[in-house]
Every structure is written in structure tokens, then in C-alpha cells.
Amino acid sequence: MIAFLIKRLFHAFLVMFIISVISFAIQDNLGDPIQQMVGQSVPDSERAELREELGLNDPFMVQYLRFAKNAMHFDFGYSYFYGEPTIEVVLRHLPATLELVFATTVLIMLFSVPIGVYSAIKPRSPLSRLFMGVSIVGISIPVFLTAIVLIQIFAIGVQFTPFPVDTGWGSWLNGLLSTDGGMPAYGRGDVVHVVGTWSTNFASLEGLSYLVLPSISLASIMLPLFIRLIRAEMLEVLQSDYVKFAKAKGISMRRIYFVHALKNTMLPVITVGGVQIGTLVAYTILTETVFQWPGVGLMFLDAIERSDIPLIVTYLMIVGLIFVITNTLVDLIYGLVNPTVKLTGKPA
Amino acid sequence: MALLEVSNLDVRFALRQGDVKALRDVSFTLDRGERLGIVGESGAGKSVAAFTILNLIAKPGYIADGSIRFDGRELTTMKPRQLQQIRGNKVSMIFQDPMMTLNPVLTIGEQMIECLKAHRRIRRRDAREIALNKLHQVYIPSPERRLDQYPHELSGGMRQRIIIAIALLLDPDVIVADEPTTALDVTIQAEIMELLLELCEKHNVALILITHDLGVVSQVTQRMLVMYAGRVIEQGPTREIINDAEHPYTQGLINALPQMATPGQRLNQIPGSMPSLANTPPGCAFHPRCSFSVDANGERRRDCREVIPTFVRSGNCDVACHMVRELVERHSPEHDASDNGPSEKREAL
Ligand SMILES: Nc1ncnc2c1ncn2[C@@H]1O[C@H](COP(=O)(O)OP(=O)(O)O)[C@@H](O)[C@H]1O
Ligand SMILES: [Mg+2]
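Note that the structure is predicted; figures quoted are calculated from it, not measured.

Calculation notes
- Residues numbered from 1 in each chain as written.
- Chains lettered and ligands numbered in written order.
- Predicted model: local features only at pLDDT ≥ 70, side-chain atom pairs only at ≥ 80, totals over all residues.
- Heavy atoms only, no water.
- Near = heavy atom within 4 Å.
- Polar contact = N/O pair within 3.5 Å; in protein donor to acceptor, adjacent residues only side chain to side chain.
- Areas by Shrake-Rupley, 256 points an atom, 1.4 Å probe, with all protein chains shown as cover.
- Helix = DSSP H or I, 4+ residues; strand = E, 2+ residues; numbered from the N terminus.
- Nonpolar A, V, L, I, M, F, W, Y, C, P; charged D, E, K, R; others polar.
- Pairing = 2+ DSSP bridges.
- Axes fitted to C-alpha atoms, helices over the stretch in contact; angles between N-to-C directions.
- Contact = heavy atoms within 4.5 Å.
- Disulfide = S-S within 2.5 Å.
- UniProt positions renumbered as here; feature names shortened; annotations may be inferred.
- Expected span 1.5 Å × (residues − 1).
- Bend = angle between axes of the 7 residues up to and from the residue.
- Buried area = accessible area lost by both parts, 1.4 Å probe.
- Salt bridge = Lys/Arg side-chain N within 4 Å of Asp/Glu carboxyl O.
- Core = buried A, V, L, I, M, F, W, Y, C linked by side-chain atoms within 4.5 Å.
- Buried < 20%, exposed > 50% of the residue type's maximum accessible area, 1.4 Å probe, protein only.
- Left-handed = near helix turned anticlockwise from the far one by under 90°.
- Phe/Tyr/Trp six-rings, centres within 6.5 Å; stacked < 30°, edge-to-face > 60°.
- Lys NZ or Arg CZ within 6 Å of the ring centre and 35° of its normal.

A word on the site of ligand 1. Residue and element names in this part refer to chain B. In the vicinity of ligand 1 there are 13 residues, among which G43, G45, K46, S47 and V48 approach most closely. K46 places a polar main-chain atom, nitrogen or oxygen, 2.8 Å from an oxygen atom of ligand 1. At 2.9 Å from an oxygen atom of ligand 1 is found a main-chain nitrogen or oxygen belonging to V48. Alone, ligand 1 offers 560 Å² of accessible surface; in the complex the protein occludes 65% of this. Mapped onto the shell around ligand 1, the elements with two or more residues apiece are β1 (4-15), β2 (18-30) and α1 (46-53). In terms of residue count, the dominant contributor to the shell around ligand 1 is α1 (three residues). Across the shell around ligand 1, the residue classes break down as seven nonpolar, four polar and two charged.

Okay, the sheet that holds strand β8 (residues 206-210) of chain B next. All names here are of chain B. If you walk across this open sheet you meet the eight strands as β6-β7-β8-β3-β9-β10-β12-β11, and the pairing is mixed. The open sheet has two edge strands, β6 (91-94) and β11 (311-314), and neither has a second partner. Across this sheet, the average inter-strand angle for adjacent strands is 20°, counted without regard to direction. Both strand β3 (residues 35-39) and strand β9 (residues 223-228) contribute to a ladder of four bridges, which runs parallel. Paired with L36 across the strands is R223, a residue of β9. Where α1 meets the sheet, it contacts β3, β6, β7 (174-178), β8 and β9, and its direction lies at approximately 155° from that of β7.

In this section: the state of the cysteines. Residue and element names in this part refer to chain B. By the definition in use, this model includes zero disulfides over all chains. There is no disulfide at C115, and the cysteine sulfur nearest it, in C200, is 16 Å away. C290 carries a free sulfur, and the closest cysteine sulfur to it, the one in C321, is 6.0 Å from it.

Turning our attention to the UniProt feature "domain: ABC transporter" (unreviewed entry) in chain B. Taking the numbering used here, the UniProt-annotated feature "domain: ABC transporter" (unreviewed entry) corresponds to residues 6-254 of chain B. The span residues 6-254 of chain B carries 40% helix and 27% strand; its end-to-end C-alpha distance comes to 26 Å.

For the rest of this paragraph, the subject is the UniProt feature "domain: ABC transmembrane type-1" (unreviewed entry) in chain A. Summarizing the sequence annotation, UniProt attributes the feature "domain: ABC transmembrane type-1" (unreviewed entry) to residues 94-334 of chain A in the numbering used throughout. What you have in residues 94-334 of chain A is 76% helix and 3% strand, and the ends, taken at the C-alpha atoms, are 27 Å apart.

Residues spaced three or four apart along an α-helix point in a common direction, a consequence of the helix completing one turn every 3.6 residues. In this model helix α5 (residues 86-121) of chain A runs 50 Å from its N-terminal to its C-terminal C-alpha over 36 residues, within 8% of the 52 Å that 1.5 Å per residue would give. Its maximal kink placed at L94 of chain A, α5 of chain A deviates by approximately 35°, while the proline P95 of chain A follows within four residues.

Facing 19 residues of chain A, the contacting portion of chain B comprises 26 residues. Area buried by chain A at its contact with chain B is led by F245, K249 and P339 of chain A, which between them contribute 30% of it. Two residues, R255 of chain A and E114 of chain B, come together in a salt bridge whose shortest N-O distance is 2.6 Å. The interface formed by chain A and chain B contains eleven residue pairs in polar contact (both at pLDDT 80 or more).

The next subject is the environment of V296 of chain A. Topologically, V296 of chain A is positioned in helix α12 (residues 296-305). When near neighbours in sequence (up to four residues on either side) are disregarded, V296 of chain A contacts V90, H93, L94, T97, E288 and Y315 of chain A.

Counting 111 residues, the largest nonpolar core has L4, F28, M93, M112, I164, V174 and I208 of chain B as the members making the most contacts within it. The element that contributes the greatest number of residues to this core is helix α7 (residues 156-168) of chain B, accounting for eight residues. With near-sequence residues (within four places) excluded, F28 of chain B lies in contact with L4, E5, V6, L36, I53, I208, L225 and Q235 of chain B. Judged by nonpolar contacts, the second largest core, of 47 residues, contains A12, I108, I322 and V324 of chain A.

Residue and element names in this part refer to chain A. As recorded in UniProt, the feature "transmembrane region" (unreviewed entry) lies at residues 9-27, 100-118, 130-156, 208-230, 265-286 and 309-337. For the annotated span residues 208-230, helix accounts for 100% and strand for 0% of the residues, and the straight-line distance between the end C-alpha atoms is 28 Å. Taken end to end, residues 309-337 is 100% helix and 0% strand, and its two terminal C-alpha atoms sit 42 Å from one another.

All names here are of chain B. The strand order across the open sheet built from four strands is β2-β1-β4-β5, with neighbouring strands paired in antiparallel fashion. This sheet does not close on itself; its edge strands, each paired only once, are β2 and β5 (73-74). Bridging between β1 and strand β4 (residues 61-70) involves eight bridges; their strand directions are antiparallel. Bridge pairing in β4 links V6 to I68.

In this section: the packing of helix α7 (residues 143-156) of chain A against helix α9 (residues 205-238) of chain A. All names here are of chain A. Running from N to C, α7 and α9 point in directions that differ by 145°, and their axes come no closer than 9 Å. Classified by chirality, the crossing of α9 by α7 is right-handed. Contacts from V143, T146, A147, L150, F154 and A155 in α7 reach L213, I216, S217, S220 and I221 in α9. Looking at the contact of α7 with α9 residue by residue, the classes come out as eight nonpolar, three polar and no charged.

We now examine the packing of aromatic side chains. Summed over the entire model, instances satisfying the criterion amount to twelve aromatic pairs over all chains. Consider the rings of F81 of chain A and Y82 of chain A, whose centres lie 5.0 Å apart with planes at 90°: the pair is edge-to-face. Relative accessible area serves as the criterion here: at 47%, F81 of chain A is assigned to the partly exposed category. Accessibility expressed as a relative area gives 27% for Y82 of chain A, which makes it partly exposed. Ring geometry for F102 of chain A against F202 of chain A: centres 5.6 Å apart, planes inclined by 75°, an arrangement best described as edge-to-face. Of this pair, F102 of chain A sits in helix α5 while F202 of chain A is found in the loop between β2 (198-200) and α9, placing the two residues 100 residues apart along the sequence. Ring-pair connections join several aromatic residues into one group, and the members of that group are F245 of chain A together with F51 and F95 of chain B. Positioned over the ring face of F81 of chain A is R306 of chain A, at 3.6 Å from the centre of the ring.

For a regular strand, side chains alternate in direction, first toward one face of the sheet and then toward the other. Residue and element names in this part refer to chain B. Side-chain alternation along β6 places V91 and M93 on one buried face and S92 and I94 on a second face that is also buried. Here β6 runs beside β7; their pairing, made up of four bridges, is parallel. Opposite M93, over in β7, you have V176 as the bridge partner.

Okay, structure coming up:
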């Protein structure tokens with residue numbers, strides 16, 4: 001167990017090192033920060049001074065080592081735009097993103113397992129076919145399009161009047177085809193402060209309503225992927241000898257599905273799924289932009305527009321760190337729930 | 001009345017290219033405590049037969065025709081719930097590969113106790129006691145500890161012992177063992193086979209032993225069936241078939257045994273290979289490989305090519321072969337020569 005932890009930690013550090021080198025290296029290719037920091041009228045001599053002061057003239061290695069040393073203390077310097085430590089800017093935006101990712105994860109887990117399992121148990125039923133069809137559509141439509149459609153239907157509302165409006169039945173049918181909208185689709189609304197930089201949407205129904213459309217659109221690709229993954233795994237497990245043997249033992253189908261098959265299905269899903277959830281943090285950029293969700297994704301895009309290099313680098317590092325942490329946790333959980341994996345440092 | 005009566009069983013797999021006829025007109029009976037061997041090359045339909053006995057054939061497979069009567073009850077039309085009560089309880093199965101048969105994420109104890117709880121109203125503690133007792137019977141060292149272990153912690157031989165223990169949990173009337181030793185190391189094959197034989201004899205359990213090992217069949221079983229391309233082609237007392245097989249295919253199988261070869265020479269393999277069930281030759285499915293299907297002029301006999309042979313009684317065996325029928329009829333002139341296939345077949349069973 002200890003050896004396993006040490007090995008995983010070593011991996012984590014290695015990945016973080018690579019992320020830090022890459023994220024630091026791209027700063028040279030991201031425009032001139034001085035231009036963003038000072039006005040047009042500032043003379044070249046002053047610019048050069050500022051450049052020297054910020055250490056932008058030092059060799060790459062020197063700049064990297066200085067960066068790495070500070071990064072250990074979560075000190076990534078000051079944001080050019082906000083004029084405050086970048087880590088504080090990121091931490092201020094992070095709760096919004098994490099809450100969005102959390103809500104999306106809940107959505108995915110709530111729907112993918114029952115739908116995936118159902119469509120594996122009854123692969124030929126019309127409902128299963130419908131689920132599979134819809135999931136293909138979900139996977140193939142880009143997130144921002146899904147988001148825009150959701151906004152149109154549920155936030156703005158659509159008025160569809162193909163039937164005569166002056167008759168009772170006509171307006172009733174029109175009403176079925178139309179929506180009032182009204183679902184919040186801009187920002188987080190009023191949030192309740194919890195602790196530190198963390199304010200939450202989860203404190204009230206009103207707050208939750210702001211999460212609905214963004215989390216649905218963030219889930220629109222991952223949820224179908226999960227459904228298909230679970231279905232495929234379950235179908236394979238149901239073909240296995242141990243399921244046939246369980247049938248030959250006279251075990252009830254319910255127990256075979258939910259005890260024998262489900263656990264074996266979920267093992268690989270935990271691995272793939274856990275990693276995917278980790279990447280959700282990075283996938284929020286599009287969703288946050290469309291819904292003006294004040295999370296790190298939106299902050300990151302703004303930082304790029306402003307060539308706020310320290311903030312960009314901090315974002316990459318923190319998202320990288322979250323990714324590495326989730327992966328390590330996933331490995332640990334997998335090891336704990338899978339009896340055939342021993343948590344040793346040695347490969348199985 | 002026999003304990004198990006399988007008659008005229010037809011099993012097919014509905015595939016896109018059309019139906020594959022995996023079992024055709026398969027009939028046999030099994031008495032209480034009797035041990036019956038089913039032999040044949042791989043792909044002959046032995047496993048399909050094994051699963052069909054428990055009506056466990058899964059889609060796209062289906063029972064197209066025939067009946068399976070167990071203890072007087074028809075299994076082909078039985079409701080799933082009632083079938084469930086027979087499976088693992090009255091009739092249990094042992095699979096070929098013990099490495100794949102046990103669920104990797106459930107403990108041995110769990111997999112034994114659930115079986116007991118599925119068939120009896122029993123407290124967990126009592127079920128555990130029975131499981132422990134059965135593990136003792138299959139000579140598992142430190143059985144108490146095994147109950148809490150997972151399958152991957154045990155060797156293949158150990159797992160097959162546990163599977164035998166599971167098969168015996170509810171004191172069944174019949175065990176269907178589908179090549180129970182094929183996946184094991186040669187050194188433990190005999191051990192497992194002996195154990196199975198010992199337990200079946202001790203508890204008077206009938207055994208259907210599926211194997212392609214004629215040696216095992218001759219040691220363990222009292223009667224045997226030989227299958228070829230989905231059909232039974234010879235059946236009768238094991239000793240009689242092994243000592244004096246009538247069907248050219250059975251003869252070929254026996255001659256192909258290593259102990260039948262002259263030292264230093266090739267094994268006497270049957271030329272060619274068994275056809276796939278998707279396109280079996282017309283007439284006798286074995287005729288393209290059969291040296292007896294060629295007449296004096298070196299031509300294939302027409303009946304072998306075109307007519308599916310029905311069973312003819314020879315000694316205590318039933319054989320489906322035109323050549324054997326000719327021999328039998330020549331030696332017993334009082335035999336009614338008119339070809340009344342179906343009734344004759346029924347009489348043969
Ligand atoms: N699930 C299946 N789908 C389609 N065909 C099958 C299936 N299972 C068995 N068959 C057919 O039945 C034949 C016999 O299979 P099997 O009973 O496993 O042979 P064996 O005698 O080696 O046990 C196979 O060659 C195949 O044509
Ligand atoms: Mg087989």
C-alpha cells in the first residue's frame with residue numbers, strides 16, 4: 001500500500017514537472033506582456049526597464065527554475081491584468097468551475113448507469129434504440145451548439161404556431177410546441193458564501209436553477225459516452241462464462257444483473273470515467289464562455305486575450321494538478337474495489 | 001421412466017446468414033445415478049447440447065423442436081421461474097474453464113451461499129456451514145479460509161474443485177460436466193476426474209460427461225454417445241463401443257488414439273476435418289471423410305451422399321450408418337428390410 005502510494009506520487013510529480021515545463025515554455029510564444037501592461041505613450045526605455053525588472057530578459061533555464069521554486073509555494077507571480085497574485089485570482093474563480101463540474105458529474109452518474117445498464121439488458125427494446133440514437137446525436141453535436149440550442153429553448157423560449165391560434169385546440173397544440181423560456185443562462189446568479197473564496201449555487205433552488213443549463217450542456221458529450229461505455233462493458237460481461245455459470249446455478253436474473261454483472265461492468269468504467277471527469281475541468285472553457293459562467297475557464301480565455309501570461313500559466317498548472325490528483329484518486333479507488341488488484345508498487 | 005429424456009432435439013442459431021443447425025434430432029436418456037459420456041470433435045455441438053439440457057441456450061440460439069423431460073417435467077416449455085428452481089438445484093453444471101467460471105469480484109463464500117439461498121429458505125450462517133462441508137468433501141485445504149478468498153487467489157485445479165463443490169451444493173440429481181478437465185494441467189486432470197467420479201458414485205448423482213478424451217469416457221461412464229456435426233451417430237454401452245465400434249467415425253476416433261499407433265509411426269488420424277455446422281454435407285455428414293462410403297468401383301455410394309442414415313441396432317448399440325445397416329441386415333435375414341426410419345429409431349432408443 002505504501003509502495004503503491006509512493007509510486008503514484010512519483011508519477012504525479014513527473015507529470016506535474018512536464019506540465020510545468022510545457023506551460024512555462026509557451027509563455028515565450030504568447031505575445032508581449034509589456035504591451036498589455038502599459039499604455040501606448042510609455043517610452044521604449046521605460047519598457048526595457050520594466051522588462052528587466054520582471055526578469056523577462058533572463059535565460060530560459062533561470063526563468064524556469066525561479067518559476068518552479070515559486071510554484072512549489074503556489075506562488076506564480078502577479079497577474080498583469082488584476083495586479084494581484086495569480087493564485088488568488090484562480091482560487092476566486094475555481095469554486096464556480098468545480099461546482100459546475102460537480103453538478104455535471106452528478107448528472108452523468110445519475111443517468112449513465114441506469115440507462116447504460118438498461119440498454120445492455122434489453123438491447124433490442126425501442127427505448128434502448130432511442131437512447132443509443134440520442135446518444136450518438138449528443139456526441140456529435142459540439143458543446144457550444146448544444147448550449148445555444150438549450151438557451152434558445154429554455155432561456156429565451158420559442159413560439160411555434162403551425163396551428164390556427166384562434167381555435168382552442170390550435171392554441172393548445174401550439175402551446176405544446178412552444179416554450180416560455182425563463183431558465184437562467186447567464187452567470188451564477190446570487191450565490192451563498194460558504195468559506196474563503198467559495199460561494200455556492202447549491203444553497204437554494206434559485207441557485208441550482210443557474211446550474212441546470214450549463215451542466216446539461218457540459219454533460220452533453222460526456223453523458224452519451226458514459227452510457228455507451230457502460231452498455232458496451234455490460235454487454236460483454238453478460239456474455240462471460242461467470243454470468244452463464246450464475247444462470248446455471250439458478251440465480252435470479254435481478255441478482256445476476258445487479259450483483260454479478262454490474263460490479264464487473266463498473267470496474268473499467270471507474271478508470272475511464274474517473275479520468276474523463278478529471279478532464280471535465282478543462283472542458284468547461286466552452287460552456288463557461290457561452291453561459292458567462294465566472295469560472296476558471298472563462299478567466300483563462302480572458303487571460304489569453306489579455307496576454308496575462310502569469311495567469312495563463314497558473315491556470316495550466318492548477319488544472320494540471322487537479323487532473324493529476326483525480327487520476328491518482330481513481331487509481332486508488334480502482335485498487336480498493338477490484339479484488340484482483342493488489343495495491344503494491346509492483347506491476348500486476 | 002428415465003430421469004432425463006431428451007428426444008428429437010433441434011437447436012438452431014439464428015444468424016444473419018441464416019440458421020445454423022447446431023443440434024439435429026438428438027435423443028438420449030439418462031437414468032438415476034447413471035453416467036453418460038458425450039464425445040466428439042470440437043464444434044460437434046457438445047457444449048450446445050450441455051446448455052440445452054438446462055434450457056440455457058442464449059439468443060440467437062433457440063430450441064426449434066424436440067423435448068427435454070426431466071423427472072417427468074417438460075423443460076422446453078417451462079416458465080423461467082420454474083426453470084430457475086431446477087438449475088443448480090436438481091441439475092447443475094460444471095464448465096470447461098475454471099479460470100473463467102467464477103465471478104472475479106465475488107468471494108468464493110458469496111458464490112456458494114447465493115446458490116443455496118436461491119433455492120432454499122436458509123439463514124446465511126447455515127448456508128456457510130453447508131458450503132464449508134462441501135469444500136471438505138472436495139478436499140480443499142483450509143476451507144474456512146477459502147470462503148473469504150477471491151477466485152484469483154486460487155489455482156485452476158483448486159477452482160475446479162470449488163466449482164464441483166458448488167455443483168454438489170444442493171445435492172442435485174444430475175451434473176452436466178462440459179469438458180471439466182480440458183483446461184487443466186495434465187497432472188491434475190486425473191485428480192479432478194477421480195474426484196468427480198468418487199462424488200457422483202457416493203451421492204448417487206447421474207453424470208453427463210462431455211469430453212473428447214475417449215480414455216476418460218471409458219473409465220468413468222457406463223454409456224456413451226458419439227456426436228458428429230450436430231448429430232448423434234452412435235450410442236450404446238461404453239465398453240462395447242470402445243472395444244468394438246461400429247460407426248466408421250467412431251472407429252476412426254479410436255484408431256487415432258496415441259496408444260493405437262505403432263511406435264515410431266504417425267497417429268492414425270481421420271483424413272480431413274469436421275464440416276462447420278453452417279454447411280454440413282447432404283446425406284451422411286461424415287461421408288466425405290469416410291473410406292467405407294466408396295464402393296468397389298471407387299465411387300461414393302449414393303445413399304451415403306444423399307440419404308441421412310437412421311439408427312440401426314447392432315448388438316447393444318445404435319449406429320447411424322448405411323454401411324452398418326447393410327451388414328446388420330445381411331446377417332439377420334429375418335429383419336424387416338423395409339426402411340421405416342422413424343419408428344425404427346424410436347425402437348432403437
Ligand atoms: N452463440 C453461438 N452463436 C452461433 N453459433 C453457435 C453459438 N454457439 C455454438 N454455435 C455453433 O454450434 C457449434 C457447436 O458448438 P459447441 O457446442 O460449442 O461445440 P463443441 O462440441 O466443441 O462443444 C459451433 O461450431 C457453432 O457453429
Ligand atoms: Mg465445447
